[in-house]
Amino acid sequence: MKTTHALMLGAVLAALGGPAMAQERPLRPEPAPVQASDRPVVPPTDQPERIILNLTADPAHEMAVTWRTAPGLPGFVEYAEAQDGPDFIPQAVRVTAATDDAALAVREAAEFRAAYHSTVLKGLKPETVYAYRVGDGARWSEWLQFRTAATKAKPFTFVYMGDMQNNILSEASRTLRMAFRKAGDAAFVIHAGDLINRHDSDNEWGEWFAAGGFLYAQTPQMPTPGNHEYGRGPVLNPQWRRQYTLPETGPAGVEKLKETAWTVDYQGLRLISVDAPLFHGDEAMRAEMVRWLDGLLADNPNRWTVLFLHFPLFSIDPDRDNARVRDALKPLIDRYGVDLVLQAHDHGYARGAIGTGPMTNAGPDHPSEQGSTYVVSVAGPKMYPVADLGWAARSASRTQTFQTLEVSPEAVVYRAFTATGRELDAFRLTKGADGVARVETLEAGR
């Protein structure tokens with residue numbers, strides 16, 4: 001009866017010219033900056049948790065595996081070529097993982113202890129499905145599976161996510177999980193920074209891992225850091241290199257950029273992670289990355305090149321501008337014809353092709369069908385204003401999105417979907433003999 005009375009009252013108010021009850025609710029406030037970090041920390045147990053795959057510099061023959069347990073336990077991986085039935089299990093090979101028994105100061109506790117285990121499985125066969133499990137020799141995870149890459153250019157799909165950052169498990173997770181419904185066979189997922197809100201909150205990292213669950217253990221996750229992965233200094237949170245095993249393909253000998261600036265070649269695509277916080281705020285590290293990028297882009301045998309980083313070269317928030325990032329990176333992007341620049345940070349959506357030459361924050365009013373395509377997106381629920389952008393072929397505010405990119409030697413087909421699975425934007429990149437990418441906007445759903 002309570003529901004019936006409420007509906008009747010709402011109808012009466014509407015008939016009298018007053019707002020119905022459903023219309024009286026205020027707009028949803030932005031996510032609070034402190035969430036999971038308010039709760040007591042949950043210590044790891046003897047059972048493996050936060051299992052995650054990462055690509056290496058040789059994705060056809062290797063796969064990196066990382067997880068954590070309670071301190072004091074060893075780590076092992078057992079793996080074998082997967083079969084249609086259970087007969088692969090007796091053939092499994094056991095390898096010993098490197099174990100880091102760490103004591104960390106996290107936001108929820110002055111001293112937090114966990115054992116971080118990691119290894120790189122080597123000598124794998126290309127284009128092969130492997131089953132694996134992790135554990136201490138007595139307690140094991142379930143058997144999980146992954147597929148190695150091909151050694152040559154072949155079609156594949158990957159997923160691109162912007163900031164998850166706030167209300168990660170309760171709200172950002174639906175965007176990620178819808179991405180796996182749309183592209184369940186994705187080769188890997190890239191995260192363009194700000195995976196969490198408080199860099200030192202173990203609970204927030206726990207929410208990020210829970211949002212993906214076993215999917216992270218079957219599809220390689222490839223993050224680049226955002227400003228929220230850094231503390232003051234800036235200093236990278238010590239959990240980053242412990243809970244990921246990312247390619248060590250960044251600027252040679254530069255420890256600060258280890259596993260934050262990196263590159264992987266995958267079936268005709270060169271994927272490059274730029275450490276945006278250090279690029280923006282550390283002049284020496286910016287110079288190192290510019291030299292490194294110049295070499296990577298000048299000597300690039302791949303058909304396609306994707307650069308991804310947290311801070312956008314062209315901000316979509318009217319109160320933001322990353323001039324130092326743009327001034328240093330855009331000449332390289334223009335000179336070497338980078339195809340796609342995938343970004344985050346501004347908590348909105350925009351996509352457009354931008355030609356060569358200097359441009360201001362929003363860009364001049366000349367939408368282009370040639371040049372590098374720049375995208376900004378957000379996966380989580382925190383939202384910012386979106387400016388009137390002259391360069392953007394498509395933009396949206398207050399919209400959580402994920403993106404799928406279907407890569408083949410002939411084209412890259414990009415699709416942006418909302419958290420409900422609705423297609424928001426789509427385009428196709430092709431290249432002529434001149435090597436210049438051309439953009440064809442596609443009708444949504446086609």
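Cut-offs used in this document
Residues numbered from 1 in each chain as written. Predicted model: local features only at pLDDT ≥ 70, side-chain atom pairs only at ≥ 80, totals over all residues. Heavy atoms only, no water. 1 Å grid on protein atoms, 1.4 Å probe; cavity = no way out; pocket = protein on both sides within 12 Å on 5 of 7 lines; lining within 4 Å. Points joined across faces, edges and corners; volume = space filled by probe spheres on them. Helix = DSSP H or I, 4+ residues; strand = E, 2+ residues; numbered from the N terminus. Pairing = 2+ DSSP bridges. Axes fitted to C-alpha atoms, helices over the stretch in contact; angles between N-to-C directions. Phe/Tyr/Trp six-rings, centres within 6.5 Å; stacked < 30°, edge-to-face > 60°. Buried < 20%, exposed > 50% of the residue type's maximum accessible area, 1.4 Å probe, protein only. Parallel < 35°, antiparallel > 145°, perpendicular 65-115°, else oblique. Contact = heavy atoms within 4.5 Å. Nonpolar A, V, L, I, M, F, W, Y, C, P; charged D, E, K, R; others polar. pLDDT = per-residue confidence, 0-100. Salt bridge = Lys/Arg side-chain N within 4 Å of Asp/Glu carboxyl O.

Asker: I would appreciate a short explanation of the layout of surface pockets in the present structure.
Answerer: Reported here for the largest pocket is a volume of approximately 490 Å³. As for the largest pocket, its lining consists of 23 residues, and the residues nearest its centre are R147, D185, A186, A187 and Y266. Only β8 (144–147) and β9 (156–161) provide two or more residues apiece to the lining of the largest pocket. The leading source of residues in the lining of the largest pocket is β8, at three residues.

Asker: Just checking my understanding: could you explain the sheet that holds strand β1 (residues 49–54) for this structure?
Answerer: Pairing is antiparallel in the open sheet, where four strands are placed in the order β1-β2-β6-β5. The open sheet has two free edges, formed respectively by β1 and β5 (98–106), since each of these has just one partner strand. On average, adjacent strands in this sheet sit at an angle of 25 degrees to one another, irrespective of strand direction. Of the pairings in the sheet, the one linking β5 to strand β6 (residues 109–121) comprises eight bridges and is antiparallel in character.

Asker: So what exactly am I meant to see when it comes to the packing of aromatic side chains here?
Answerer: By convention here, two paired aromatic rings are described through the distance between centres and the angle between planes. All told, the structure shown has 22 aromatic pairs when counted by the stated rule. Ring geometry for Y130 against F146: centres 5.7 Å apart, planes inclined by 20 degrees, an arrangement best described as stacked. Here Y130 is found in strand β7 (residues 129–135), whereas its partner F146 is found in strand β8, with 16 residues between them in sequence. Each of the two residues, Y130 as well as F146, counts as buried. On the numbers, 5.2 Å between centres and 90 degrees between planes, the contact of F314 with Y374 is edge-to-face.

Asker: Mind showing me how you'd approach the sheet that holds β7 here?
Answerer: Two strands in a sheet stick together by hydrogen bonds in their backbones, pointing the same way (parallel) or opposite ways (antiparallel). Here four strands make up an open sheet; going across it, the order is β4-β3-β7-β8 and the pairing antiparallel. The open sheet has two edge strands with one neighbour each: β4 (93–96) and β8. For this sheet, the mean inter-axis angle between neighbouring strands, taken without regard to orientation, is 30 degrees. Note that β7 and β8 share four bridges and pair antiparallel. When the sheet's bridge partners are listed, A131 is paired in β8 with Q145.

Asker: How should unusual backbone geometry be read in this particular structure?
Answerer: When glycine is set aside, most residues are seen to have a negative phi, and most peptide bonds are trans. Along the chain, G233 connects to P234 via a cis peptide bond; the corresponding omega equals -5 degrees. Along the chain, P234 falls in the loop between β12 (230–231) and β13 (235–236). A positive phi angle, near 50 degrees, is found at Q267, a position not held by glycine. Within the secondary structure, Q267 sits in the loop between β14 (262–266) and β15 (269–273).

Asker: Mind showing me how you'd approach the packing of helix α6 (residues 283–298) against helix α7 (residues 323–336) here?
Answerer: Any two packed helices are characterised by the angle at which their axes cross and by the distance between the axes. Across the interface, α6 lies against α7 with an axial gap of 10 Å and an inter-helix angle of 10 degrees. One way to sum up the angle between α6 and α7 is to call them roughly parallel. Every residue of α7 that contacts α6 at R286, V290, L293, D294, L297 and A298 is listed here: R324, A328, L329, L332, R335 and Y336. Class assignment of the residues belonging to the contact of α6 with α7 gives a composition of eight nonpolar, no polar and four charged.

Asker: Looking at this structure, I do not really get the confidence of the model for the chain. What am I missing?
Answerer: Caution is warranted with low-pLDDT regions, since their predicted coordinates should not be read in detail. Looking at the chain, pLDDT values average 91 and 89% of them are 70 or higher. Every residue in residues 1–26 is under pLDDT 50, and counting partners more than four places away or in other chains gives nine contacts.

Asker: Honestly, the environment of Y79 in this entry has me stumped. Any pointers?
Answerer: Structurally, Y79 can be placed in strand β3 (residues 76–81). Taking the relative accessible area as the measure of exposure, Y79 reaches 13% and is therefore buried. Taking the C-alpha atoms as reference, Y79 lies 5.6 Å from A131; in sequence the two are 52 residues apart. Residue contacts for Y79: discarding those within four places in its chain leaves Q91, A92, V93, V95, L121, K122, L124, Y130, A131, Y132 and W143.

Asker: Which parts of the structure should I look at to understand the pattern of salt bridges?
Answerer: When charged atoms on two side chains of opposite charge get close, those side chains can pair. Under the definition given, this model contains 27 salt bridges. Residue R50 is joined to D202 by a salt bridge in which the shortest nitrogen-to-oxygen separation is 3.2 Å. One end of the pair, R50, is in strand β1; the other, D202, is in helix α3 (residues 202–212), and 152 residues separate them in sequence. Overall, the relative accessible area of 0% leaves D202 in the buried class. In this structure, D265 engages R270 in a salt bridge whose closest nitrogen and oxygen atoms are separated by 2.8 Å. R270 sits in the buried class, given a relative accessible area of 8%. In this structure, a network of salt bridges that share partners links the residues E49, R50, R68 and D202.

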